[in-house]
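# A closer look at the structure
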Amino acid sequence: MVHDRPVEQPAGTGLARPLHPISYLQGALLGLLQGVAEPFPVSSLGHGVVMPRLLGWDIHQNDKFFLTFLVATHFATAIVLFGFFFRDWMRILKGIGRSLRDRQIRDDDSDARLGWLLVVGTVPAGVLGLVFEHPLRSLFASAASAAAFLIVNGLLLLLFERFRQQAPRPDDHLGDSDERIARLSWRQAVGVGSAQAIALIPGISRSGITMGGGILFGLSNEDAARYSFLLATPIIGAAAALKLPELLGPVGNGVRGPALVGAVCAGISTYLAVKFLLRFFETNRLTPFGIYCIVAGITFSAIFALGG
Amino acid sequence: MSPRVLAALVALLGVVLIAVAVVYWVDPASSLPSFFPGHEAGSARHHVKHGIAAFVVGLGCFVFAWFTTGPSSSPPAPA
């Protein structure tokens, strides 16, 4: 499918470049996809790489304009996640403040402990992301590679469920969700947080890795999903904020309009997806997403192998 | 190693890392010491992200030292 895109002719250069490298419709669809796929454990980046190829769009994940576009959708996702858990974040931030004032993380202060668990999970992932983002994205840039890693992601989700620990039950009297999450050890939090860096490979889901890590360490699916969403907010927000100047600078020319549309769509779909998933994981597991990733990965790989 | 000595060493590491961060932000890749990751002869670009990474880890060192030198025991949880 070929899209007619308006083209401008920069004076004196003789070179043509698209006026809107991403159309508004493409922006809206990519935004909706990003918003849904970010909280779902199915790899938003993988789907963002595969979808343009499937639809025959001239968009590649390492295109400067596409990366700039993604900044807007990720920023919207982070804002919606922060807004969704706003009251929780206020409690967590107050807890961190209390612990810094008292110079200790009290055992009975689950807000403070949860806050620092999120910090120690975010810092290694952030540092690894800063260092390895470019090489990993360059190495695994193709849609075929993303499709293959979707299969890997699906297998990982099934393995997480296979080797899950017994999750706490309501009659275990381990407190509310945050209190149960705050029982993770520092080492477990660092492990789950660092593992997020694997999701820099398109096809591997960040939320899938964090949810899987949570259930391996004894959280229920519901608590693991909540932990995953809390863990996502600072890292997605920081990564997007870091690149926001690109969107506002010359690189963003021609992308800002579609990016704004994409961001609005991503925000709406993120809100709906998070609301759905928190309810879904009250009674369900990662298994359906694992099966979806395997089937989708095999299907996409077959289509690409047949020249699609 | 006593907690205070450990805290002092970690705080020192924090100072070094923040200094490293400033070097990354101020100097272009060609002017970085050759043993720094990102050193690239003839390159005028600044490794801002490397600097942010060093700064964040440095900050983490200070936080660790802050807690390590705080009250060691936690009060029991209310029944």
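Sequence order as written defines residue numbering, which begins from 1 separately in each chain. Written order determines the labels here, with chains lettered from A and ligands numbered from 1. Confidence filtering applies because this is a predicted model: local features only for residues at pLDDT of at least 70, side-chain atom pairs given and counted only at 80 or more, and all residues used for totals across whole chains, interfaces and linings.

### Quick word on the overall build of chain B
Counting its secondary structure elements, chain B contains two helices and zero strands. Three exposure classes are used, all based on how many other C-beta atoms lie within 10 Å of a residue's own C-beta (placed from the backbone): buried at 20 or more, exposed at 12 or fewer, and partly exposed between those limits. By the burial criterion, 18% of the 79 residues in chain B qualify as buried. Residue pairs are scored as contacts if the distance between their C-beta atoms, which are placed from the backbone, is within 7 Å. Within chain B, residue pairs in contact and separated by at least 24 positions form 57% of the contacts whose partners lie at least 6 positions apart. The helix count covers DSSP runs of H or I at least four residues long, the strand count covers runs of E at least two residues long, and both are numbered beginning at the N terminus.

### Observations concerning the overall build of chain A
Regarding its fold elements, chain A presents 12 helices and two strands. Two things to know: the radius of gyration comes from C-alpha atoms, and the globule rule equals 2.2 Å times the number of residues to the power 0.38. For 308 residues, the compact-globule estimate of 2.2 N^0.38 gives 19 Å, and the C-alpha radius of gyration of chain A, at 20 Å, lies within 12% of that figure. By its C-alpha atoms, chain A is 70 × 45 × 30 Å across when sized along the principal axes. Sequence separation of 24 or more characterises 78% of the internal contacts of chain A that already satisfy a separation of 6 or more.

### Focus on the environment of Gly70 of chain B
Here Gly70 of chain B is to be found in the segment after α2 (48–68). The sequence separation of Gly70 of chain B and Arg4 of chain B amounts to 66 residues, and the corresponding C-alpha distance is 9.8 Å. In this view, Gly70 of chain B contacts Arg103 and Gln104 of chain A; residues no more than four positions away in its chain are not counted.

### Some thoughts on the interface of chain B and chain A
In many reports, interface size means the accessible area that the parts give up when they come together. Every contact between the two is made by 14 residues of chain B and, on the other side, 10 residues of chain A. Ten residue types, Ala, Val, Leu, Ile, Met, Phe, Trp, Tyr, Cys and Pro, are classed as nonpolar, four, Asp, Glu, Lys and Arg, as charged, and the remainder, Gly among them, as polar. Considered class by class, the residues forming the side of chain B that touches chain A number 10 nonpolar, three polar and one charged.

### Examining helix α2 (residues 44–54) of chain A
All names here are of chain A. A large share of α2 lies buried, amounting to nine of its 11 residues. Of the residues making up α2, those classed as buried are Ser44, Leu45, Gly46, His47, Gly48, Val49, Val50, Pro52 and Arg53. Where α2 is buried, its residues touch α1 (24–37), α6 (143–162) and α12 (287–305). Residue Gly56 follows α2 closely and has a positive phi angle near 75 degrees.

### Considerations on the packing of α6 of chain A against helix α9 (residues 206–216) of chain A
Between two packed helices, what matters for the description is the angle formed by their axes and the separation of those axes. Residue and element names in this part refer to chain A. The convention used is that axes are lines fitted to C-alpha atoms, helices contributing only their stretch in contact, and that angles between N-to-C directions extend from 0 to 180 degrees. Close contact between α6 and α9 brings their axes to 9 Å; oriented N to C, the two are set at 20 degrees. It follows that α6 is roughly parallel to α9 by the angle criterion. For the crossing formed where α6 meets α9, the hand is left-handed. Between α6 and α9, the residues in contact are Asn153, Leu156, Leu157 and Phe160 and Gly208, Gly212, Ile215 and Leu216, respectively. Grouping the amino acids of the contact of α6 with α9 by side-chain chemistry returns five nonpolar, three polar and no charged. When an angle is under 35 degrees it counts as roughly parallel; over 145 it counts as roughly antiparallel; between 65 and 115 it counts as roughly perpendicular; any other value is oblique. Each crossing gets its hand from how the near helix is turned against the far one by less than a right angle, where anticlockwise is left-handed and clockwise is right-handed.

### Focus on the confidence of the model for chain B
You can read pLDDT as the predictor saying how much it trusts each residue, on a scale of 0 to 100. Chain-level pLDDT for chain B is 86 on average; 90% of the residues reach the 70-or-more range. For this predicted complex, the interface score ipTM comes out at 0.75, while the overall pTM is 0.84.

### Brief notes about unusual backbone geometry
Residues and elements named next belong to chain A. You will see that Ser43, though not glycine, has its phi angle at about 70 degrees, which is positive. Turning to its location among the elements, Ser43 is positioned in the loop between α1 and α2. Judged by C-beta crowding, with 31 C-beta atoms within 10 Å, Ser43 ranks as buried. Of note, Arg103 is a non-glycine position whose phi angle comes to about 60 degrees, a positive value. Secondary-structure assignment places Arg103 in the loop between α4 (86–102) and α5 (110–139).

### Remarks on α6 of chain A
Residues and elements named next belong to chain A. In this analysis, the expected span of each helix is defined as 1.5 Å times one less than the number of residues it contains. In this model α6 runs 29 Å from its N-terminal to its C-terminal C-alpha over 20 residues, within 8% of the 28 Å that 1.5 Å per residue would give. Those residues of α6 not exposed but buried are Ala143, Ala146, Ala147, Ala148, Phe149, Leu150, Asn153, Gly154, Leu156, Leu157 and Phe160. Each element contacted by the buried residues of α6 is listed here: α2, α9 and α12.

### Topic: the nonpolar core
Residues and elements named next belong to chain A. Put simply, a nonpolar core is buried Ala, Val, Leu, Ile, Met, Phe, Trp, Tyr and Cys residues tied into one set by C-beta atoms within 7 Å. Judged by nonpolar contacts, the single largest core of 93 residues is most densely connected at Ala72 and Leu117. Broken down by element, this core gets its largest block of residues, 11 residues, from helix α10 (residues 221–248). Filtering out sequence-adjacent residues up to four positions away, Leu117 remains in contact with Ala182, Leu184 and Ala189.

### Observations concerning the environment of Glu38 of chain A
Residues and elements named next belong to chain A. With respect to the secondary-structure elements, Glu38 resides in the loop between α1 and α2. The exposure class of Glu38 is buried, given the 31 C-beta atoms found within 10 Å. Sequence separation between Glu38 and Arg206 is 168 residues, and the spatial gap between their C-alpha atoms is 7.9 Å. With residues up to four places along the chain from it excluded, the contact list for Glu38 reads Ser44, Thr77 and Thr270.

### Quick word on the packing of α9 of chain A against α10 of chain A
All names here are of chain A. Viewed as axis vectors pointing N to C, α9 and α10 meet at an angle of 135 degrees, and their least axial separation amounts to 8 Å. Compared by their axis directions, α9 and α10 come out oblique. Like other packed secondary-structure pairs, α9 and α10 cross with a definite hand, here right-handed. Residues Arg206, Ser207, Thr210, Met211, Gly214 and Ile215 of α9 touch α10, and the partners they reach there are Asn221, Asp223, Ala224, Ala225, Tyr227, Ser228, Leu231 and Ala232. Within the contact of α9 with α10, the residues separate by chemical class into seven nonpolar, five polar and two charged.

### Observations regarding the environment of Gly214 of chain A
Residue and element names in this part refer to chain A. Mapped onto the fold, Gly214 is located in helix α9. In this structure Gly214 comes out as buried when scored by C-beta crowding, with 27 C-beta atoms within 10 Å. C-alpha separation for the pair Gly214 and Arg183, spaced 31 residues apart in sequence, amounts to 11 Å. Apart from the residues lying within four places of it in its own chain, the contact partners of Gly214 are Val192, Leu219, Asp223, Ala224, Tyr227 and Ser228.

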